[in-house]
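# Survey of secondary and tertiary structure
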Amino acid sequence: MTLLRPAVPGVEASGEFLDTQPEWAPTRALGRAVLVSGLLLIAGVLAGRVDLVVLAIPFALGTAVALHRRPRERPRIALDVDEGYIVEGAEALAAVTVGNPDPPAYDLVVVRTRIPRWLRIKDGDRPSVLTLAPGAVDQVELRGTALRWGRHPLGPAAARAAACDGLLISRPGVAYAQDVKVYPITEPFDADEAMPRAAGLVGGHRSRRPGEGGELAGVRVFQPGDRLRRIDWRVSLRARQLHVAATLSDRDAEVVLLLDVLAEAGGSGGVGSTASVLDTTVRAAAAIAEHYLHRGDRVSMLEYGTSARRLRPATGRRQYLTVLEWLLDVEAQPSPYEPYDQVFGPHLLSSDALVVVFTPLVDSRSAEMLARLARAGRFVLAVDTLPEGVKPPHRSDYTEVAHRLWRLERDNTIGQLREHGVPVVRWAGAGSLDLVLRDVARMASAPKGALR
């Protein structure tokens, strides 16, 4: 697979600076050669010794011949990354292209690239050494493993060349950093239970409204406008009157994935290691969004934080790719201010939507937000994203006691939320939400009393 177009000598490279400094500077080797030649010539002339003058001639001639064809421009460098679909644990590929635009050859080119934390590239912290002939182009391949989701800046990359037998060294050619997009690995998720309330016109969920669907609702008398293919001839011949098979409409549903980013807890070790709150949140949201989008439902994203990011509801493959791009920019946003009124309210969420809230329940404002959504009549499901066994750093002898008290208070908050009709379940992959979704669907279909 070709990652880069070959660099063309003479084309301006990224990282070109607009200044008046020379592109090539003398090295200490040039200074020593000039100094030795000068001292030998001066000493030979003053002392009248021909042997010293003869000894100085090779140094002077060697320096002059080496500097006869000196380069004029610094090496050209470009950094390119593979823009394919890279998930956590997959191989990430990048390349640094270096070109020599000058007629003289480079004795040595040293290339170094800054490697981000979550890209494990073999020998990535060591410089690479190249030799470039006149007009030649060479590549340094960077191949490694992507350990964690997100946008990881690879670079900048710099290249410095030595020429004229090491007497001149170039200023560094710089290629600016490029983002390596690593998408979250979608943990397996499959929910067999129906949605609480379907609201669209067509879709994969059975509704209680009659329509053109696949679920049989009964047999009724033929009415003007009914399709002839719906006629039930057995019942019609027995009753001596046309009857048609009535069906229920298949409807789609809207799923709102709400990400609580007020707090971050736990340490992230990348794929296959420990997961933090954001790791669990992003991976679970990607899995649930993939499941419902493949079923034809509408999915929207929302952040409970200070940035107030929101992704409009849509369906299809394009929405799934948009969701993955949206999740790459999720980050913790601790703030002392209340984000509820500034970000969203129940009036902005559809009354028929299923709201799945990913929250560690570390901040008291998160529990208050869940209670407000439940009181507003929304179908809310809370997914606990706090890692098991997470503890605060030891600060004093009372840290352990304070942590126990906080755990008891958090368990009490979860119990109060369940009393308000907000089920709280820990994310455990496939089927972990089935029982809770079944209870939410039953509550949605239960009759509700009305005041007269």
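Residue numbering note: each chain is counted from 1, following its sequence as written. Selection of residues for local features in this predicted model requires a pLDDT of at least 70, selection of side-chain atom pairs for listing and counting requires 80 or more, and totals for whole chains, interfaces and linings are taken over all residues. Only hydrogens and water are set aside; all other atoms, that is, all heavy atoms of the structure, feed into the side-chain values.

The name given to the chain in an unreviewed UniProt entry is DUF58 domain-containing protein, with Phytohabitans houttuyneae as the source organism.

## A look at the packing of helix α4 (residues 277–294) against helix α5 (residues 317–327)
For helices, the fitted line uses only the C-alpha atoms of the stretch in contact; every axis is such a line through C-alpha atoms, and the angle between N-to-C directions lies from 0 to 180 degrees. Only runs of H or I of at least four residues qualify as helices and only runs of E of at least two qualify as strands under DSSP, and these elements are numbered from the N terminus. Running from N to C, α4 and α5 cross one another at 170°; their axes reach a closest spacing of 10 Å. One element, α4, and the other, α5, form an angle in the roughly antiparallel class. Along its contact with α4, which presents Val282, Ala285, Ala286, Ala289, Glu290 and Leu293, the element α5 presents Gln319, Tyr320, Val323, Leu324 and Leu327. The residue makeup of the contact of α4 with α5, split by class, is nine nonpolar, one polar and one charged. For classification, angles of less than 35 degrees are called roughly parallel, those exceeding 145 degrees roughly antiparallel, those between 65 and 115 degrees roughly perpendicular, and all remaining angles oblique. For this analysis, residues touch if any pair of their heavy atoms sits within 4.5 Å. We call Asp, Glu, Lys and Arg charged. Ala, Val, Leu, Ile, Met, Phe, Trp, Tyr, Cys and Pro are nonpolar, and the rest, Gly among them, are polar.

## Quick notes on helix α1 (residues 28–47)
Every helix has an expected span of 1.5 Å times one less than the residues it contains. Over its 20 residues, α1 extends 28 Å from the first C-alpha to the last, a length consistent with the 28 Å expected when each residue adds 1.5 Å. For every residue, the accessible area (1.4 Å probe, protein chains only) is compared with the maximum for its type, and the residue is labelled buried under 20%, exposed over 50%, or partly exposed between those bounds. Buried residues of α1: Leu30, Ala33, Ser37, Leu40 and Gly44, and no others. Seen along its axis, α1 keeps its buried residues to an arc of 110°; they face one direction. Residues of α1 that are exposed and point over 90 degrees away from its buried face: Arg28, Arg32, Leu35, Leu39, Ile42, Leu46 and Ala47. Those residues of α1 hidden inside the fold are in contact with β1 (24–26), α2 (50–66) and β11 (168–170). A positive phi of about 70° marks Gly48, the residue just after α1. Regarding the arc, it is the one traced by the directions from the helix axis to the C-beta atoms.

## Structural notes on a nonpolar patch on the surface
Together, Val36, Leu55 and Phe59 give the surface a local cluster of nonpolar side chains, amounting to about 240 Å² of exposed area. Tracing the sequence through the fold places Leu55 in helix α2. Patch membership is restricted to residues that have no salt bridge and whose relative accessible area is over 30%. Joining uses 9 Å for like charges and 5 Å for the nonpolar side chains Val, Leu, Ile, Met, Phe, Trp and Tyr. Computed with the Shrake-Rupley method and a 1.4 Å probe, the accessible areas treat only the protein chains shown as cover for residues. Whenever a carboxyl oxygen of Asp or Glu lies within 4 Å of a side-chain nitrogen of Lys or Arg, that contact is scored as a salt bridge.

## A closer look at helix α7 (residues 364–375)
Given a rise of 1.5 Å per residue, 12 residues ought to cover 16 Å, and the 17 Å separating the end C-alpha atoms of α7 matches this to within 8%. By the burial criterion, the buried members of α7 are Arg365, Ser366, Ala367, Met369, Leu370, Ala371, Leu373 and Ala374. Positioned one or two residues after α7, Gly377 has a phi angle of 85°, which is positive.

## What about the sheet that holds strand β6 (residues 119–121)?
Strand pairing is assigned whenever DSSP detects at least two bridges linking the two strands. Taken together, the four strands give an open sheet; going across it, the order is β2-β4-β8-β6, and neighbouring strands pair in antiparallel fashion. Lying at the two open borders of the sheet, with one neighbouring strand each, are β2 (76–81) and β6. For this sheet the average axis-to-axis angle between neighbouring strands, irrespective of direction, equals 30°. Across six bridges, the pairing between β2 and strand β4 (residues 91–99) is antiparallel. By the bridge assignment for β4, Val81 is matched with Ala94.

## Some remarks on the side chain of His152
With respect to the helices and strands, the residue His152 is situated in strand β9 (residues 150–154). Side-chain polar atoms of His152 contact the backbone oxygen of Arg148, separated by 2.7 Å. Beyond its immediate stretch of four places on either side in the chain, His152 contacts Pro116, Trp118, Gln178, Asp179, Val180 and Val182. Here a polar contact is taken to be a pair of N or O atoms separated by no more than 3.5 Å, where protein atoms must pair a possible hydrogen donor with a possible acceptor and residues adjacent in sequence count only if both atoms sit in side chains.

## Thoughts on the nonpolar core
Formed by 37 residues in total, the largest nonpolar core has its most connected members in Leu257, Leu259, Met301, Leu327, Val330 and Phe358. Sequence-distant contacts of Phe358, that is, excluding residues within four places in its chain, are made with Leu257, Leu258, Leu259, Asp260, Thr281, Ala284, Ala285, Ile288, Val383 and Thr385. By convention a nonpolar core is built from buried Ala, Val, Leu, Ile, Met, Phe, Trp, Tyr and Cys residues, the set being connected through side-chain atoms within 4.5 Å. In this structure, Val98, Leu132, Ala161 and Leu167 belong to the second largest nonpolar core, which totals 32 residues.

## Quick word on the sheet that holds strand β19 (residues 354–359)
As summarised here, the arrangement of the six strands in space is β18-β17-β16-β19-β20-β21, forming an open sheet in which the pairing is mixed. At either margin of the open sheet sits one strand with a lone partner, and together these are β18 (310–314) and β21 (424–426). Sheet twist, expressed as the mean angle between neighbouring strand axes with direction ignored, is 20°. Alignment of strand β20 (residues 379–384) against β21, held across three bridges, turns out to be parallel. Its bridge partner being in β21, Asp384 is matched across the sheet by Arg426. Along the sheet, α5 makes contact with β16 (254–260), β17 (298–304) and β18, crossing β18 at roughly 165°.

## Describing the packing of aromatic side chains
Note on aromatic pairs: the rings of Phe, Tyr and Trp (six-membered ring only in Trp) are paired at centre separations within 6.5 Å, and the planes decide the class, stacked below 30 degrees, edge-to-face beyond 60, tilted for the rest. One pass over the full model with this rule turns up two aromatic pairs. Judged by centre distance (5.7 Å) and plane angle (50°), the rings of Trp24 and Tyr106 are tilted. One end of the pair, Trp24, is in strand β1; the other, Tyr106, is in strand β5 (residues 106–113), with 82 residues separating them in the sequence. Note on accessibility: Trp24 and Tyr106 belong to one class, buried. Between Tyr85 and Tyr183, the aromatic rings sit 5.0 Å apart at their centres with planes inclined by 15°, giving stacked as the arrangement. Of this pair, Tyr85 sits in the loop between β2 and β3 (86–87) while Tyr183 sits in strand β13 (residues 178–183); the two residues are 98 residues apart in sequence, bridging distant segments of the chain. On the basis of relative accessibility, which here comes to 48%, the residue Tyr85 falls in the partly exposed class. Judged by relative accessible area, Tyr183 falls into the buried class, the value being 9%. A ring is considered to have a charge above it if a Lys NZ or an Arg CZ atom is located within 6 Å of its centre and within 35 degrees of its normal. Lying across the ring of Trp326, Arg309 places its NZ or CZ 4.0 Å from the centre.

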